[in-house]
Amino acid sequence: MVRELACRKCKFVTVGKVCPICKSSDLSPDWSSSVLVVDPANSVVAKSLGIKEKGKYALKVT
């Protein structure tokens, strides 16, 4: 099974070694809760979290 990692900078969840959103390699396997953003332009949740790109984001990354 592929392990998902969350970016410590933007909290995007990915299976790669580099975050496709902010290009950071500071990823953590220790994260909890997630939110899926489909339409960030019209999402109140995305706006409150500062999310501008669609995808899966962790709510807490340690």
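Predicted, not measured: the structure shown is a model, and the values here were computed from it. (Residues numbered from 1 in each chain as written. Predicted model: local features only at pLDDT ≥ 70, side-chain atom pairs only at ≥ 80, totals over all residues. Heavy atoms only, no water.)

What follows concerns the sheet that holds strand S1 (residues 5–7). Here 3 strands make up an open sheet; going across it, the order is S2-S1-S3 and the pairing antiparallel. At either end of the open sheet lies a strand with only one pairing partner, and these are strand S2 (13–14) and strand S3 (27–28). Pairing of S1 with S2, which is carried by 2 bridges, proceeds in the antiparallel orientation. By the bridge assignment for S2, Ala6 is matched with Val13. (Pairing = 2+ DSSP bridges. Helix = DSSP H or I, 4+ residues; strand = E, 2+ residues; numbered from the N terminus.)

What is expected of a backbone is that most residues other than glycine have negative phi and most peptide bonds are trans. In this structure, Lys11 is a non-glycine residue whose phi angle is positive, near 70 degrees. For Lys11, a relative accessible area of 34% translates into the label partly exposed. Its identity is not glycine, yet Lys23 carries a phi of approximately 65 degrees, on the positive side. Along the chain, Lys23 turns up in the loop between S2 and S3. Lys23 sits in the exposed class, given a relative accessible area of 59%. (Buried < 20%, exposed > 50% of the residue type's maximum accessible area, 1.4 Å probe, protein only.)

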